[in-house]
Amino acid sequence: MAWTKERLEEVAQTRLGGAKLIVVANREPYIHRYRDGEIEWIRPAGGLTTALDPVMRACGGVWVAHGSGDADAEVCDKNGRVGVPPDDPSYALRRVWLSKNDEEGYYYGFSNSTLWPLCHQVYCRPTFDPANWEAYRKVNETFAAAVLEEAQGGPALVFVQDYHFALLPKLLKAARPDLVVAQFWHIPWPNPETFLVCPWAKELLDGMLGNDLLGFHTQYHCNNFLDTVDRTLECRVDREKFAVARGGLETSVRPFPISVDPDLPKQYLGDNWEKRARALRKKHRLADRPLLVGVDRVDYTKGIPERLRALDRLLVQHPEMKEKFHFLQVGAPSRTHLETYRDLTEEVQTLADQINWTHKTDHWQPVVFLNEHQGPEDVTLLYRMAAGCVVSSLHDGMNLVAKEFVAARDDERGVLVLSKFTGAAKELTDAVLVNPFDVDEMAAGLYSALTMAADEQERRMRRMRAKVQDNNIYRWAGMLLSEVGKLVPETAAKPMPVPAPPANPAIDQVEVRIARENFITAMRLAGC
Ligand code: F6P
């Protein structure tokens, strides 16, 4: 039976009963910001929010996140809550406010200068700064307080996201042993030799073992985690059950490959996408030439310089390809307060300029680099227009751009050039798989994308689309909820009473509707 939004809704309600779903992620799904004196909202770049927003729309509940937009506070009630999506609220967003120092130490520091390079094996040296560690601990405590407040003493499933919150599960369990806590680690987990150089490895592992369920994208990352724990802590690692027992708690460790909602591209494209495509071609002087596209945050794990060098190689090896195509790279600015990220942006810009200078002709230049945030409507348009999409991550837990591209191609055309070092490569084996460190192999991959026969494209795309259709985001969430739902105490399975309307009208509607739906479904399931 296929996984759909409706099936997930049903699973959420049967498995959770009256337990409240509280998602915790550093990144918020909607950011409010000022533009020309007006407040607007945007969806941030990045796989996590793209994947989880449809799940929250289906299940309802609260998403607890750092309020990072300059107009975020403006639209919230006094508790930092606002209904989202802003144009049609179906769940609540609880924003947590962080000081500049906390953000510096916890987000830019320990999360993205220590754990991010430590877990991605891309030869970027992690920093180990005790002050950042302190900020990380403090912010995990701040989030724990917010989650406990949201749980309101009642039954709840807390679904923690990512490496920003390794300490949070244990903090929650210590305060409320009855809470069911699950965590999904969206990035790779390295082998023990790599992870154990971290001076706070024990504390991180101890925090994560506060989870009832811990998910990674692949079995390989689960195995690495179990090996790391086994080498570090006094505990019992059960390799048959894939679980760790410690201090009376058991943590199940399982793979759950994340995905996308395959029906969203249709909505994002709308009816007039061809008109928008023509305008875009005109704006960037692309004529009607085939397009290769790359869509990434500007991050050193994504292999953007590597793909540009491969493009240069392709044009040297195949000068006949000049004027035959364009390469359009969207590079969403990311973590720009960190020097490594600023340097990378400069490197990409310089490389793009150099390649254009070397290979340009009177009426053509190969590379268009758009160093800007683009919403899902524009990104999906690019996927649909492209002859090929290039995903050349040096290391990536999953990479949802690959799956988004496939989901957008209802014409069954287009070639995906995909790094072997992504989680997505394990599923999308009909992509042109490449080693992004090998410039010749990458150049050959780009050449294939530009020259592959239509019937071969169709054959590959059809198979990839079937996989994304089946292993969609609703399946990911459904499997996770089914697993973790086994742990929700019986008492929580009672229908939730419909609450009295709270003060904020935007939240009112969301909570009352969700409670009412829970109640109706529970009655239906009880045969009433
Ligand atoms: O997948 C790792 C991750 O941190 C996700 O949380 C997010 O989708 C993406 O990278 C973007 O990162 P940030 O939230 O730091 O912009």
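Bear in mind the structure is a predicted one, so any value in this text is a computation, not a measurement.

Definitions and cut-offs
- Residues numbered from 1 in each chain as written.
- Predicted model: local features only at pLDDT ≥ 70, side-chain atom pairs only at ≥ 80, totals over all residues.
- Heavy atoms only, no water.
- Domains from an automatic or database assignment.
- Contact = heavy atoms within 4.5 Å.
- Buried area = accessible area lost by both parts, 1.4 Å probe.
- Salt bridge = Lys/Arg side-chain N within 4 Å of Asp/Glu carboxyl O.
- Polar contact = N/O pair within 3.5 Å; in protein donor to acceptor, adjacent residues only side chain to side chain.
- Pairing = 2+ DSSP bridges.
- Helix = DSSP H or I, 4+ residues; strand = E, 2+ residues; numbered from the N terminus.
- Axes fitted to C-alpha atoms, helices over the stretch in contact; angles between N-to-C directions.
- Buried < 20%, exposed > 50% of the residue type's maximum accessible area, 1.4 Å probe, protein only.

Q: When you look at the domain arrangement of the chain in this model, what are you seeing that I'm missing?
A: One widely used convention gives an interface's size as the accessible area the parts lose upon coming together. Domain annotation of the chain identifies domain 1 (5-10 + 21-96 + 154-259 + 474-490) and domain 2 (264-470). If you average the C-alpha positions of domain 1 and of domain 2, the two centres end up 29 Å apart. With 19 residues of domain 1 at the contact, the number on the domain 2 side is 19 residues. Carbon and sulfur atoms make up 64% of the area that domain 1 and domain 2 hide from each other, which totals about 1,300 Å². Linking domain 1 to domain 2 there are one salt bridge. Measuring nitrogen to oxygen at the nearest pair gives 3.6 Å for the salt bridge that ties R43 to E377. At the junction of domain 1 and domain 2, the tally comes to three residue pairs in polar contact (both at pLDDT 80 or more).

Q: Could you clarify how one ought to interpret the sheet that holds strand β18 (residues 432-434) in this entry?
A: Pairing between sheet strands relies on hydrogen bonds along the backbone, with the strands arranged either parallel or antiparallel. With parallel pairing, six strands are arranged side by side in an open sheet as β15-β14-β13-β16-β17-β18. Among the strands making up the open sheet, the edge pair consists of β15 (367-370) and β18. Across this sheet, the average inter-strand angle for adjacent strands is 20 degrees, counted without regard to direction. Relative to strand β17 (residues 415-419), strand β16 (residues 388-391) is paired through four bridges, and the arrangement is parallel. For V391, the partnering residue across the bridge sits in β17 and is L418. Sheet strands in contact with helix α17 (residues 439-451) are β13 (291-297), β16, β17 and β18, and its direction is about 165 degrees off that of β18.

Q: Would you mind going over the pattern of salt bridges with me for this structure?
A: Side chains that differ in sign of charge can pair as their charged atoms come close. Counted by the stated rule, this structure contains 38 salt bridges. The residue K173 makes a salt bridge to D212 at a minimum N-O spacing of 2.9 Å. In this pair, K173 is assigned in helix α6 (residues 168-175) and D212 in the loop between α8 (201-208) and β9 (213-216), connecting sequence segments 39 residues apart. Neither K173 nor D212 differs from the other in exposure class; each is buried. With a shortest N-O distance of 3.1 Å, D230 and R239 are connected by a salt bridge.

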